Each structure stands twice: as structure tokens, then as C-alpha cells.
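Notes for the structure review
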Amino acid sequence: MGGDSDRPSSGVKFARRTNSGRVMSMSRDEELDIPDTQNEYNNKYTVMMPATPDNMPGASSAAGDKPDGPSTGARFRSDRGRQGGEGESGRKVERRVSSAFKDNSNNKSMFLRSQTQDFDHNHWLFETKGKYGIGNAYWEEGESFDHETGMSMQDFMDKPWKPLTRKINVPPEVISPYRVLIVIRMIILLLFLIWRVENPNYDALWLWALSIICEIWFAFSWLLDILPKFNPINRSADLSALKEKFETTSPANPDGRSDLPGLDVFISTADPEKEPPLVTANTILSILAVEYPIEKLSIYISDDGGAILTFEAMAEAVKFGELWVPFCRKHNIEPRNPDSYFNQKTDPTKGKKRPDFVKDRRWIKREYDEFKVRINGLPDVIKKRCDSYNKAETAKEKNLVREKNNGIIPPDYKIEVPQATWMADGTHWPGTWFSTAPDHAKGDHAGILQIMSKVPASDPVMGEADEKTLDFTGIDIRLPMFAYVSREKRKSYDHNKKAGAMNALVRASAILSNGPFILNLDCDHYVYNCMALREGMCYMMDRGGDRICYIQFPQRFEGIDPSDRYANHNTVFFDGNMRALDGLQGPVYVGTGCMFRRYALYGFPPPRAIEYKGVFGHKKSLARTAHPANTDDEQPLTDHPDLNLPKKFGNSAMFNESIAVAEYQGRPLADHFTVKNGRPPGALIGARPAIDAPTAAEAIAVISCWFEDNTEWGDRIGWIYGSVTEDVVTGYRMHNRGWRSVYCITKRDAFRGTAPINLTDRLHQVLRWATGSVEIFFSKNNAILATSRLKFLQRIAYLNVGIYPFTSIFLVVYCILPALCLFSGQFIVKSLDVSFLSYLLIITLCLVFISLLEVKWSGIALEEWWRNEQFWVIGGSSAHLIAVVQGLLKVIAGIEISFTLTSKAAGEDEDDIYADLYVVKWTGLFIVPLIIIIINIIALVIGIARTIYSVIPQWNKLFGGAFFSFWVLTHYYPFMKGLMGRKGRLPTIIYVWSGLISITVSLLWIVISPPEGTINSDAAELKF
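Residues numbered from 1 in each chain as written. Predicted model: local features only at pLDDT ≥ 70, side-chain atom pairs only at ≥ 80, totals over all residues. Heavy atoms only, no water.

**Digging into the overall build of the chain**
Along the backbone of the chain there are 28 helices and 20 strands. For the chain, the residues scored as buried account for 49% of the 1024 residues in total. Once local pairs closer than 6 in sequence are excluded, the contacts in the chain between residues at least 24 apart make up 76%. Here the chain has roughly 49600 Å² of accessible surface; of this, 56% comes from carbon and sulfur atoms. (Helix = DSSP H or I, 4+ residues; strand = E, 2+ residues; numbered from the N terminus. Buried < 20%, exposed > 50% of the residue type's maximum accessible area, 1.4 Å probe, protein only. Contact = heavy atoms within 4.5 Å. Areas by Shrake-Rupley, 256 points an atom, 1.4 Å probe, with all protein chains shown as cover.)

**Here we look at the pairing of strand β16 (residues 594–597)**
Looking along a regular strand, one sees side chains alternate from face to face of the sheet. Covered by surrounding structure in β16 are C594 and F596 together with M595 and R597, the residues of both alternating faces. Bridging between strand β12 (residues 517–522) and β16 involves four bridges; their strand directions are antiparallel. For N520, the partnering residue across the bridge sits in β16 and is C594. The pairing of strand β14 (residues 548–552) with β16 spans three bridges and is classified as antiparallel. Bridge pairing links Y550 to F596 in β16. (Pairing = 2+ DSSP bridges.)

**Re the sheet that holds strand β15 (residues 556–558)**
Taken in spatial order, the three strands of this open sheet run β13-β20-β15, and their pairing is mixed. At either end of the open sheet lies a strand with only one pairing partner, and these are β13 (526–527) and β15. Sheet topology note: the β15/strand β20 (residues 751–754) ladder contains three bridges and is parallel. From the neighbouring strand, E558 faces β20, where its bridge partner is T754.

**Quick word on the sheet that holds strand β6 (residues 263–269)**
What links the strands of a sheet is backbone hydrogen bonding, and the strands pair in either a parallel or an antiparallel sense. Pairing is mixed across the open sheet formed by eight strands, whose spatial order is β10-β11-β7-β6-β12-β16-β14-β19. In this open sheet, the two edge strands, each paired with only one partner strand, are β10 (448–453) and β19 (740–743). Pairs of neighbouring strands in the sheet enclose a mean axial angle of 20°, with direction left out of account. Inspection of the sheet shows β10 paired to strand β11 (residues 481–486) by five bridges, in the antiparallel sense. (Axes fitted to C-alpha atoms, helices over the stretch in contact; angles between N-to-C directions.)

**With respect to the nonpolar core**
Counting 143 residues, the largest nonpolar core has F596, Y602 and Y972 as the members making the most contacts within it. Aside from chain neighbours lying at most four places away, what touches F596 is P516, F517, I518, N520, M540, C549, Y550, Y589, L601, W719 and M734. (Core = buried A, V, L, I, M, F, W, Y, C linked by side-chain atoms within 4.5 Å.)

**Here's the deal with the pattern of salt bridges**
Per the counting criterion, the structure on display carries 40 salt bridges. The shortest N-O distance in the salt bridge between E215 and R196 comes to 3.1 Å. Linking E215 in helix α5 (residues 205–226) with R196 in helix α4 (residues 172–198), this pair joins segments that are 19 residues apart in sequence. Judged by relative accessible area, E215 falls into the buried class, the value being 10%. Residue classification places R196 among the buried positions, given a relative accessible area of 0%. Among the salt bridges present, the one from D476 reaches R478, with a minimum N-O distance of 2.8 Å. Judged on exposure class, the residue D476 and its partner R478 are both buried. The network of salt bridges with shared partners includes R556, E558, D575, D749 and R752. (Salt bridge = Lys/Arg side-chain N within 4 Å of Asp/Glu carboxyl O.)

**Quick word on the environment of R748**
Tracing the chain through its elements places R748 in the loop between β19 and β20. Here R748 falls in the partly exposed class, since its relative accessible area comes to 28%. With 216 residues separating them in the primary sequence, R748 and A532 have C-alpha atoms 8.6 Å apart. Aside from chain neighbours lying at most four places away, what touches R748 is E334, P335, Y528 and N529. Here Y528 takes part through its backbone oxygen, which lies 2.9 Å from a polar atom of the side chain of R748. (Polar contact = N/O pair within 3.5 Å; in protein donor to acceptor, adjacent residues only side chain to side chain.)

**What to know about the confidence of the model for the chain**
In the predicted model, the chain carries a mean pLDDT of 81, and 77% of its residues have values of at least 70. Contacts from residues 1–14, a stretch scored under 50 in pLDDT, to residues over four places away or in other chains number 39 contacts. Between residues 1013–1024, whose pLDDT stays under 50, and residues either more than four places distant or in other chains, the model counts 11 contacts. (pLDDT = per-residue confidence, 0-100.)

**Points about the packing of aromatic side chains**
The geometry of an aromatic ring pair is captured by two quantities: the separation of the ring centres and the angle between the planes. Using the criterion set out here, one finds 51 aromatic pairs in the structure. Both rings, one in W217 and one in F810, keep their centres 4.8 Å apart while their planes meet at 15°; by these two values the pair is stacked. Pair noted here: W217 is in helix α5 and F810 is in helix α21 (residues 807–824), with a separation of 593 residues, a long-range link. Residues F320 and W324 carry aromatic rings whose centres are separated by 6.3 Å and whose planes lie at 15° to one another, so their mutual orientation is stacked. (Phe/Tyr/Trp six-rings, centres within 6.5 Å; stacked < 30°, edge-to-face > 60°.)

Set out below in C-alpha cells:
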């Protein structure tokens, strides 16, 4: 019972591989005996042991039946320290080692390949049929590691629950100094303002008073803007996890059908002259080709103008989509807007592997060119058709008159035939006619609903080899359902512009498809990332997604000049402010590129809401759940109207029944015990019902203009009425009920659109936004009146939305102050002493570092930040100021003022895509910035001349005023460049206004501060 009795047979050697790759013997033999025979196999072999502490040479290891190393064939008990019989030990070795290691005593080992003693592990596994142990990578059928527990392969194959999204915080090395600098600047600003108040300039109290008032307001405005940026975050979505959960075969989904909820896409348009049908058609084609279950996707276009041109353009788009969509799926085309795809500057063959791609692309390009020609020719085709039918109708009317009058038309008889607009099938167009007629005019026409692409089948429909000369074999050729909708309009009704059109689509879509989620896009915003809808759905379907009311995607634009002169990209807002709001209660709704939860749009509160009480909302508590009232006399949940349940949806029973269905289908998957308010897997794999005639008739009824009478549509339900910025108000109401929103920034832009690059158009766009903000401030949607379910910093953000236009009043005054300082020879402080300059330096440095860190966490470029600062001054002194004036006149006197273009010039170079950038269109919005620029230039000239020729020059006051004048003019540089047009040519009206303002300012200053000896002290009259 000793000696070599515990050792395995001499044919077994133990060894381990060191970090350097050398094999070290672990047996009692000092060397590995390698015979010289050349046979293929040998009776000796080596078992490689891992270099763990318990497997070091000469060390004893604890008994245990666990796998050591990469192979289960090397599972040995280490029994060297134990006295036992060779029979027991031999049986254990024999049970755990493959029979290939036995016998064959005359063969050379193939596992020690050379004198370097390199171990061929792969060959060893092949020759010995060795195993890898236990786990989800490999498991031998029928074997269990522990017979007592009965562990099997299925135990390893049960996959853990995966979240669909994750939140990524900004790195501490960026966000921590950012927050510290904000606090420091707040303290310095407070100290500076106290110092300014305590040290007035008695020589120019009026300058001091104006400046201190403006500076206090700027500090307050800066706080409103910077406080919501304390907690910016990033997010990411896991598309593979979404597919695994909702589109993978499972016991609840044996056929692997898609269990994703339905999605309705809304596109809005109103005027085919301002919104070209070709642009809208390209947007429709990009949506038809998105990567989302075809049977779950429905597309609706709202044509608020009821134009036959838009109607027939959409019909052409659906027809071309039967070729374009399968082509995109076959070759994985991106982007799926034909116009954008064919105008790309990159190599179209990059990453394409199908041999027929070039042929298919050439063929589809020709088809698209023909499609564009058909769209461009539609106006002429429709007019010719209408003329032909109207002539035929006139001829019929003449024949009837002749029949009644024995073949003669009375000379005094006037034949009146309405000049109708005709459809291709020879019937009257029910919408707006080219020649206005009763019931066929803008604002006065019947409701129209046309399903141009039927509800697709539940199962894929594969194409064939000769499918319209393109090989679509194995490609799903189905198209999503597409419907054209034009709501009824009558002269005696207020149709509430875009918000009313969107609410009509909400009701019609609830009858036809009832997708629990709604994506709204402008007609010029197309899908640039075909997977964007899936990424948005990841947030809605993730744990806690039932509390999300909408997913806002950033707006990205094409066709902007490379320098982005007027900050059209607006990246500071979309990548900075919106990302920061995502760390609070969510971003604001900005009108397009937003995926809504239908149930939230109906005005219901979330299933779980938090109330934030206390001065700063630091006391959290679970909000009470609202329940439907059984009687009208029941007390409401709260005094705030936003927290009461909606009741008046209209008199459509079919619509009312769809509400509960949309709520249930919009719930996340209950595949984990932590998921609250979920639905069971496989609940949405059934086929969609076909649309019958009664359903279509009900959909037409709910878009009638009288349907909203005595309902809560526009007040509590759907898009909210009463503001030109209905988007911000609608999002605010949802947040006010306790809902959350999410900002979804995809690696590839989700959507892309167009933006005005002309100065006048850009200012009018800003004017509309600012006017809506002023309306919000003077309405019940002011954040001061919000509920306790709105977070404190979220409330600050919404408060800033309503207040920021009023900053224009103080901005205009502050931009004129440098000129007043130069005119008067005084400054806002008594002298440029150390205290003032130190405060100014510290405040400026803090702002610079804060801006640099903000650029860091937001990902914007420094140039974009500077362009935003410049246009903030330009827009603030023009559009924002006029918006405040309009808002005050509307609130106080009920007067509405609109600024329209008074002169217009066309771009000279049609081949230049940026030609519109140089077009100067005079508007009243130019007046205030122009006055500021001219006054500052004149003041610089006067101030420099007076100081130079003064007996005792006061250079410190000149430097103070001149510095701030240059600061103002630097911010107005893009405005001045825009006025010059191409090649520096100024319109005549600019010269007229400049001369008038210069003369007026000069005469006014002579009166205020006349030269010595020109004033009669008794009469106080100016002598010329």
C-alpha cells in the first residue's frame, strides 16, 4: 500500500504549460521518455493540467469531481496523498479517460509532436473524442455532470432575461467639472450683481440702471437654460434582443410570427404648391420600405388641402413602391428614399455582394426617372383631362338645350356648366377643384378616405424570377397598408390647422388599424434609417416602457450650406438641450419624428406616476391612480384638470371600443417578474382582420367636421388646440399627467428633412415658434400652473419655453447700450477698475469652460455652438421681439398681426443648391437688427473721433464702449452677410433704410447733445 500504488500506469504522464509555452512535467519522472520508434501511436500520453494553485507540481489537490482544463477527458481526482489500492484508482482513471488512451503500446504518441514538447490539443480532441466539460457550448448527449442533481444541457440553454435598452451616463470626468463650474458661475454672477448694485455710476445713472436691469434678467434667463442641463444622459437600444423576444420561435409563438405591436405612421401635408408632391412621394416610399413587420405597419397621409394633385401623386408612389420596396429588401438599400439614394456621392456598390445588383440598380434607376417624369407631368395631365371632360359636359348641355328647343339654342340662353375637376375614372373629384365651386373649395369640401394599398397578408408573399423583369425570388413583395385621408371642411367650423388634421388621422386610424403606437412625420422628413422604428419600439417594449408617452427622435437636415450660416441644424438644441432633458422627465415634443403611445394621446394618465412635492420637488411619493367616474356627480381626482380622466370621445361606438384594445396591445411583454402591467407572449401574432365597407364608412364618419362637437378633442384628447406650437403644448400635457418621454439618438440618423436656408424664411420660422411660446406663457399651459407630477427641473425647462422670447426686450436694449456709451462718452461703470475687470474675466472664463464641457458631452462642434450664439442674438432682436409684441397685442387688445414678404427675388443659378441662401427678401423683421447695426457703426466713428480730438482723451471709456460695440457687430455678422446677397450686392431698400436711420440718429444726437455755442440758453432752440 505504498510506493507506486497510487500512481497511474506508466503510460500516463501529467504536465502543465507555463506562461512562456514550455511544458513542465508534473510526474515523478524527471523527463518525458520519448522512444525512437516511428510508429503512429505510442503507449504514452500526457494529460495537460491547468496552471492553478492546486495543480502545481508536487502540490496535493483536494478531492473533487470538477472539470480541470479544457477537456472532461482529463477529469482526475488527485489521490497522491491518499493510500489506496491500484484497483480503485485504476477504475476511476478508466471511467474518465477515453479508451483511445489504452493499449497501442507500440505506437508513438501523436500528442507530443516534437522535441519542443508542444502539445497538439486539437489533434488530441479529435483522436480521443475528448469532451469540453459542461456548459451551453457543448454537452454530450445523455451525460450529466452530477447525477445527484440531474443537471442537463437545458439548464444551460435557458437564457437570462435581457433588457432592450440601457442608459449610459456621461463620464464623471466631464459631468462633474461641468456641474461644479455651473455652481461657481452662479455664485460669481450673484456677487457681481451685488457689486454692480452697490457701485452705481453717478455720472450716468441712466446707463447704469439700464445695464443692471438687463444683466439681472440675463442671469435669470441663463439659470432657466442651464439648470435643466445638470443631468444629460445617453441611451442605446439592443435590436438583437428585440428580435429574440418578439420574432423568435417559442412555445407561445410556435411559427415565429412577429409579436410586435402595430404602428401607424402619419404624414401631414396641406398645399402641393408649397410642398411638392415629388418630395412627399419620396417620403412615402421611404416609409413603405422600412424594416418593420409589414402586416403590423399602416401609413396615413393627411392632405388638408384636398388636392387631386396630391391624391394622384400618392397613387403613383404606391404603384412605383411595388418595385422599389422589394428592390430595397433584396439589396439592403440605405437610405430608402429614392431621390436621396440616387443622389449619393458615395460608391453605390460598396458592401453589395449580389451579382445582379448593378443590373437591378440600373433598371430601377430608369424606372424612378420615369416615375419622376410622371409626377412632374401630373398638373398638365390633370388639367388636360379636366378640360376634355368639361368640354364634353358643355356639349351634352348644349344638346339637351337643343332637344328642348327644337334643335335651336335660344340667343338669350346662357349655358352654365361647372368647371369641375375630374378623376381618371371620369367622376368628379370630391375635394378642392381648380375652379372654386360650392362644396369644392379650400376649407369647404367633403371628407375623403381612400385605401390605396390593401391590408397585407399575414404570411410573406414571395416574388418570382420574372417579377416585372426583376428577380425577386425569395423576397417578400408585400406592401404595408396605405391610406389617403382628407378630413371634411366647412366654412362655419374652426378646423384648428395641423392639430385638427392630426386628430382626424388619430380617429380614422383607430377604426382602420388601431396601432397602439403612432409615428408622425412632416411630408419632407423621410426615413433615413430603416431600423429606426425598431429602435424606438425597444424603449416602448422594455421594462417600464408602459410609462413612456412618446419617443422623440432628433431632427436632422439636408441641403444646409456648409457653414450653416443661420444655425439651421440647431444642434445645440437637439444634441444639447434635448439630451439633457432626457435625464429628467424626457424631451419636449418638437412636431415631427415622434413616436406616440396612442393611449397617452387619448388623455389618460400613466399606469404608475410619481408626485414631486416640496419647494424643489425633492419629496417623492406614488401618485393616486385615477379611476373612471361612474356618475357625473362623482368628485374629480384633483382640482387640476389635466389629472381627470377623459370622457367625451365622440359618438362612435367602434372608436370607443378600440381604446381598451390599443392600451392592451401597447403593453410591454410580461417575460420577467419585474415587468409590471405587461401582456403575455404571443398575444399579437394573430392575423389582422380585413377592412369591410362598414368599417370604412365609420372611418369616414369620424373625420367629419361635426364629430368633435361637444367632445374633449383638442382640449384633453389628442393634439391640443389654441397655439401655433401645438406640439410643445401636447407634450407638456402628457408630462403634466406624469408620463415620461425618451430621446432616441440612433447611430445612423433616423430621419432627415429640409430646412429654410434663406434669412427671411429662417426668421419667419423662428417668429412662428416664438409666437407659440408667448401664447403658452399667457395660457393655462404655463409651467407655473403645472401639477406636482412634473419634476422641478422639467418645470424649469417648460417655464423657459414660455419665457425665452421676452429676453429679446432686454437684448435689444443691451445691444444699443454700447452705442449710447460711445455717444455720451460715459460707460455702464464709473471706471474700468480691477474689480469690474476681474468679475468680467472670471464670468467669461467660466462660461467658456462650461461651453467647452457642454460641447464635450453633447458631441456638437465648437463652430456650431458659435453659430447658435450668433443667431440667438439675430433672432432675439428680430423675430422674438415681434413675437412678444404680437402676443401682448393679442392678449390685451385681441389684435393679431402677421408679417408677410413685401419684395421677393428669385435665385439666379438653378444649378447651385445653395442659391436660395443669397436671395434677399425684404421683411419687417430686418428693421430692428438693421437699426442696431447702423447705430453701433455710427457710434464707433463718433466715439473714436471725439476721443482722438479731445483735449483730455478718456481712453478707458472709449475702450469699454468700443469693445461691446464690436461684440454686438460680431454677432450680427451672419445677418450683414445675408443682407449683402451674392457678391456683396445690397438691395436698394437696404440703402434707403440705412440712410434714413443714419440721418435720424445724427439729428437726434445733435438735439440731445449739441455742440457748444449753438444753444440759446433762454429759448433752448437749436440754431442751424
